[in-house]
Amino acid sequence: MSVNQQAHTGPPYGQPQPGYQGYQQPAYGGQSLPGVPQAQYGAYNGPVPGYQQPVPPQGSLRAPPTSGAPPPASGASHPSGPLAYSQFEHGDVQNGIPASAAPVQRPPASQPFLPGSAPTPVSQISTFQQYGPPPASVQQLRNHMAGMTIGSTAASAPPPAGLGYGAPRPPAMPGPPLPGQTVAAPPSSQPNHVSSPPPPSTMAGLHPGPPMSGLHGPPPPTHPPQPGYPMQQNGSFGQMRGPQPNYGGAYPGAPNYGSPPGPPPPPKRLDPDSIPSPIQVIEDDRNNRGSEPFVTGVRGQVPPLVTTNFLVKDQGNASPRYIRCTSYNIPCTSDMAKQSQVPLAAVIKPLAALPPEETLPYLVDHGESGPVRCNRCKAYMCPFMQFIEGGRRFQCCFCSCVTEVPPHYFQHLDHTGKRVDFYDRPELSLGSYEFLATVDYCKNNKFPSPPAFIFMIDVSYNAVKSGLVRLICEELKSLLDYLPREGNMEESAIRVGFVTYNKVLHFYNVKSSLAQPQMMVVSDVADMFVPLLDGFLVNVNESRTVIASLLDQIPEMFADTRETETVFAPVIQAGLEALKAAECAGKLFIFHTSLPIAEAPGKLKNRDDRKLINTDKEKTLFQPQTSFYNNLAKDCVAQGCCVDLFLFPNQYLDVATLGVVPYQTGGSIYKYAYFQLETDQYRFLNDLRRDVQKEVGFDAVMRVRTSTGIRATDFFGAFYMSNTTDVEMAGLDCDKTITVEFKHDDKLSEDSGALLQCALLYTSCAGQRRLRIHNLSLNCCTQLADLYRNCETDTLINYLAKFAYRGVLSSPVKTVRDALINQCAQILACYRKNCASPSSAGQLILPECMKLLPVYLNCVLKSDVLQPGPEVTTDDRAYIRQLVTSMDVAETNVFFYPRLLPLTKADVDSDSLPAAIRNSEERLSKGDIYLLENGLNIFVWVGVSVQQGLIQNLFGVSSFSQISNALSTLPVLENPFSKKVRSIVDMLQGQRSRYMKLIVVKQEDKLEMLFKHFLVEDKSLTGGASYVDFLCHMHKEIRQLLS
Ligand SMILES: [Zn+2]
């Protein structure tokens, strides 16, 4: 069938059709809800007066709801005191100082989790290529048709041995490593210049001229600097190998560049300005694609880059905010796909937040019989289903099976074969929509209760001493008014509960009828149970005064604690049992400070060992130290118990193990090392507010169906899988992505293309069971060139990073790095061989859509997980590893290639950001101030020669030396520059899912090392290659593959 490709401006939804249940559009009432993005169902095809409501930006606390109305009786089936629990009333009940435990009987055993396999095993990495001595140096670049061409010269003389990539290596030559320096000097040969004369402006590194600005440090002793040639280091790439026949001889002007007889010629350096620039690519895409909306009616369209601001109009395919693919044109055969080595993957963010101008998915109700689906493959009704026989049956676009149209869904077809209600039904004309699920889609065939949030606060010595406990309790008093709510509901349906813990657990009864909260202590942590049911999970409005009283008392109760030890697994078990008892899904917010060494299930030992780095045992640093938490995670997923973990460590606390449950339940981990109230509370509170308020679904199961010929084979993200097709998440929020890889199982056809349908079954925050459906149609090709023309490098990098970050769990890090390089070299070599026009073998030719693959790949290789610096802790690496696994494409993009903005170039009179510059020290001027952000941190770098007036305006001090590098926020000063910079910081904070830590770095200060780590185009102190070096290396790898 033909895919819906026509632009249309059909009537807005809302005209009921025969048999049509009507869309539920709960937000139409126009009531503004504080706090959370609303589930609103706006107009189709553009704003309609009265329909659109701006979605409030996330992450900030809004005015409290005005509703003071008494809460309606909860529709929840809240079992009030089942017999099994009444016996627990004799547990120690008290206020004030925690008492010793009251061991009480266990509640009935939980139901077993479905038997199933462990999470998807790591794919084996097939080939490993060791780095050999690099042979070629690169001299020239020119654009070549759609490809990027870099000419190379011949070389001679083997390079020094032992200079593999990867492992941190000692400097290959005496003298300090220099930033930005690169290609090795050809010791004995003459440079050979490249075939056709390129425009001089693209000539790399051959211009006599002043040294690159920004190059610091003394030259290495063995190579005195030559005018125009930045310093270099032996043993990178590019030893010259002697003339090659393909080279047509020197280009004009070559003599100027000197091939002096005798002494080695001056070193060559590829001019960084002549190699593909991420900034340029981002800028070009913004200029070319940022002004028009992206209309999704056409199959296989490559969307604008994630760095471009654009609006999306859904006309039959899911918005790129929901799904992005590595390629939008996939090879027809498995052989082609293997030849290209381009992974076929989709990065899916099923509950992505949309900008206010865009319409949230409509909610469709197909009535008692549930959503209309294919009889065989169970795909949901979508725009690609083809109606036949006058509309009485439809043929499935995924499996071709023909299914009867249920009588209530029947509609006549027009002369083109399209149903006449086409434009009135989201599921026929849109890429994304929701179905109301029937009871058949619910656990135990019962509609779910609204979910619950349980706040579980570590009250051990460190937590109390740092002020954290008081801070959390204070914050919760107001934050509880902003729990997620659905549509136009007046108050959140979510119930809340409270637990504190150290070596024992304290549960609180905050039932509205109580004058004071009651505490029940459970010290038998080996066999966790919940000592109360009635009064533990409550409605915030009903129990407001009791909760407030509790939150006032908690900091006082534990103010004098001397308990330093904590448990951890029993805390999760307690939350899990509480949700089980209440028969609902929910989320645990755990605030935890230390390695759980107290005697209890899941007790951990300190096994941090940096000596394992770069050994075959390094992988153990990423693995949990016990399987206990994997089993616990499985139980949590079965119950829909999602865990969000806020960590405040002062030392190693084994994130790799503590993170297992949050990770496998679809939760989040936040980490505030060496938490200090003064500097970190703002960041923590912002994260907490956003985390509590953001849109989240519970008890979620996602399945991706595909049309015949390909199928989903591998999954990356924070979830659990008990079989090979269903991704299970106890909770799934609007920030989480799942990356799915596809493989061929048959031939595809260019005519029919390929289809994906992602169906997410989940429980909304009000307890409504829903299905969110995203459809995407892709093109298929028989020519490799079409594949390469329709790739998206940012998505490719997202996939490759996740693949590598999972690989380190089972393979040595070096193996993982080498496999990444090898795969990318194969991708580029295949292009070179099959798609580029014939040219010298010495030229590096990159596909236009992948010209940033080398620079971005190098950033992944240099990242803390794959190549840690000395300042990176084991916990940091485990944390980053898990974090990246759930990132969307925009987040991985800025995480691996941070954004660097010259603040002193900002126009204080406009709203725009200053133009970004490339991440290299060479680009920094010591007279300027820069901002660098990567989604986790914001650095403000101040050059030593910045004008005093600017320093005064931004920091409120009179000189460079007086700037404090302990600042965690910029002072609020009433001048245009300060205002502009703070507004930029605020804008960037608003774009990220976590509040970034702000660090002020002064040039030549000790903190500058940390900052330089993020200048990813430069050679890193831990041995990571510079961009220029790495590009040369990739070129060498590609040449080896081609020869
Ligand atoms: Zn089917």
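See the structure above.
If you're wondering where the values come from, they're calculated on a predicted model, not measured in any experiment.

Rules behind the numbers
Residue indices begin from 1 for each chain and proceed along its sequence in written order. Reporting in this predicted model follows two pLDDT cut-offs: at least 70 for local features of residues, and 80 or more for side-chain atom pairs to be given and counted; totals over whole chains, interfaces and linings ignore these cut-offs and use all residues. Only hydrogens and water are removed before side-chain values are computed, so all heavy atoms of the structure are retained for them. Shown as donors are all N, O and S atoms within 2.8 Å of a metal ion, widened to 3.2 Å for Na, K and Ca; because water is not in the atom set, sites may appear incomplete. The geometry test gives tetrahedral to four donors whose angles all lie between 85 and 135 degrees, gives square planar to four donors and octahedral to six donors whose opposite members are over 155 degrees apart with all other angles between 65 and 115, and gives irregular to the rest. Between buried and exposed lies partly exposed: a residue is buried under 20% and exposed over 50% of the maximum accessible area for its type, with that area taken using a 1.4 Å probe on protein chains only. Think of it this way: any DSSP run of H or I at least four residues long counts as a helix, any run of E at least two long counts as a strand, and we number them from the N terminus. Any two strands with at least two DSSP bridges between them are considered paired. Residue contacts are defined here by distance: any two heavy atoms, one from each residue, within 4.5 Å place the two residues in contact. In protein, a polar contact requires one atom able to donate a hydrogen and another able to accept it; more generally it is a pair of N or O atoms within 3.5 Å, and residues adjacent in sequence count only if both atoms are side-chain atoms. As used here, the term nonpolar core means buried Ala, Val, Leu, Ile, Met, Phe, Trp, Tyr and Cys residues forming a set that is joined through side-chain atoms within 4.5 Å. To obtain an axis, a line is fitted to C-alpha atoms, over the contacting stretch when the element is a helix, and the angle between two such axes runs from 0 to 180 degrees between their N-to-C directions. Side-chain rings of Phe, Tyr and Trp, where Trp is taken by its six-membered ring, are said to pair if the distance between their centres is within 6.5 Å; with planes under 30 degrees apart they count as stacked, over 60 as edge-to-face, and otherwise as tilted. For classification purposes, an angle smaller than 35 degrees is called roughly parallel, one larger than 145 roughly antiparallel, one from 65 to 115 roughly perpendicular, and anything else oblique.

Asker: Tell me what's going on with the coordination of the zinc ion, and back it up with residues and numbers.
Answerer: Looking at the zinc ion, the protein donor atoms are C374 (SG), C377 (SG), C396 (SG) and C399 (SG), and they sit 2.2 to 2.3 Å from it. The site at the zinc ion holds four donor atoms, and with the angles between them running 99 to 116 degrees, its shape is tetrahedral. Read from N- to C-terminus, the donor residues coordinating the zinc ion fall into the pattern C-x2-C-x18-C-x2-C. A residue is classified by how much of its surface remains accessible, and C399, at 14% relative accessible area, is buried.

Asker: A description of the pairing of strand β31 (residues 997-1002) should follow, citing residues and the corresponding values.
Answerer: With five of its six residues buried, β31 lies for the most part within the structure. Sheet analysis places strand β30 (residues 937-942) next to β31, joined by six bridges and oriented parallel. Residue I938 lies in a different strand from β31, and its bridge partner there is L998.

Asker: Describe unusual backbone geometry, and please don't skip the residues or the numbers.
Answerer: Positioned with a positive phi, N445 is a non-glycine residue whose angle comes to about 55 degrees. With a relative accessible area of 51%, N445 lands in the exposed category. The backbone of D699 sits at a positive phi, close to 50 degrees, despite the residue not being glycine. Along the chain, the position of D699 falls in strand β21 (residues 696-706).

Asker: Which residues make up helix α16 (residues 853-861), and what values go with them?
Answerer: At 3.6 residues per turn, the α-helix brings residues three or four places apart onto the same side. Most of α16 sits out of view: nine of its nine residues are buried. What α16 keeps buried is the set L853, P854, V855, Y856, L857, N858, C859, V860 and L861. Packing partners of the buried residues in α16 comprise α2 (278-289), α14 (793-807), α15 (813-834), β27 (844-846), α18 (889-896) and α22 (1027-1042).

Asker: Provide a residue-level description of the environment of K694, including the pertinent values.
Answerer: Its place among the elements puts K694 in the loop between α12 (677-693) and β21. K694 gets classed as buried once you look at its relative accessible area, which sits at 4%. Distance from K694 to C734, taken between C-alpha atoms, is 7.0 Å for residues 40 residues apart in sequence. In terms of polar contacts, K694 uses its side chain to reach the side chain of D735, at 2.9 Å.

Asker: Which residues make up the nonpolar core, and what values go with them?
Answerer: One finds F507, I590 and L866 to be the most contacted residues of the largest nonpolar core, which totals 116 residues. Looking at which element gives the most residues to this core, the answer is α15, with 11 residues. Contact partners of L866, with chain neighbours within four places excluded, come to A804, Y805, V808, V813, V816, R817, L820, V860 and L861. Residues V469, I494, L550 and Y672 belong to the second largest nonpolar core, which totals 47 residues.

Asker: Just give me the short version of the sheet that holds strand β28 (residues 899-902), but keep the residues and values in it.
Answerer: Read from one edge to the other, the open sheet built from four strands follows the order β28-β29-β30-β31, with strand pairing classed as mixed. Every interior strand has two partners, whereas the edge strands, β28 and β31, have only one. The mean inter-strand angle of the sheet, taken between neighbouring strand axes irrespective of direction, is 20 degrees. For β28 and strand β29 (residues 929-933), the ladder comprises four bridges, and the chain directions are antiparallel. Bridge pairing in β29 links L900 to L932.

Asker: Describe the pairing of strand β25 (residues 754-763), and please don't skip the residues or the numbers.
Answerer: Of all 10 residues that make up β25, 10 are buried, and the element is covered over most of its length. Burial along β25 is two-sided: A754, L756, C758, L760 and Y762 facing one way and L755, Q757, A759, L761 and T763 facing the other are all buried. Taken together, the seven bridges between β21 and β25 define a ladder with antiparallel strand orientation. From the neighbouring strand, R705 faces β25, where its bridge partner is Q757. Relative to strand β26 (residues 769-781), β25 runs antiparallel, the two sharing 10 bridges. Of the residues in β26, the one forming a bridge with Q757 is N775.

Asker: Residues and numbers for the sheet that holds strand β12 (residues 402-404), please.
Answerer: Paired through backbone hydrogen bonds, the strands of a sheet run either parallel or antiparallel to each other. One open sheet accounts for three strands, arranged β10-β11-β12; its pairing is antiparallel. The open sheet is flanked by β10 (386-388) and β12, the only strands paired with a single partner. Averaged over neighbouring strand pairs, the angle between their axes works out to 35 degrees when direction is ignored.

Asker: Any chance you could break down the packing of aromatic side chains for me, citing the residues and the numbers?
Answerer: Tallied over the entire structure, the rule returns 33 aromatic pairs. Considering the side-chain rings of F628 and Y629, the 5.7 Å spacing of their centres and the 80 degrees angle between planes classify their relative orientation as edge-to-face. Look at F628 and you get partly exposed, because its relative accessible area is 24%. What makes Y629 buried here is its relative accessible area of 0%. Ring plane angle 85 degrees and centroid distance 5.1 Å describe the contact between F648 and F684, whose orientation is recorded as edge-to-face. Here F648 is found in the loop between β19 (641-647) and α10 (655-658), whereas its partner F684 is found in helix α12, with 36 residues between them in sequence. Judged by its relative accessible area of 4%, F648 falls in the buried class. The exposure class of F684 is buried, given its relative accessible area of 0%.

Asker: Which residues make up the packing of α14 against α18, and what values go with them?
Answerer: Packing of α14 against α18 leaves a shortest axis separation of 9 Å and a crossing angle of 80 degrees. Considering the angle they form, α14 stands roughly perpendicular to α18. Residue-level inspection shows D794, T795, I797, N798, A801 and Y805 of α14 in contact with α18, the latter providing V889, T892, N893, F895 and F896.

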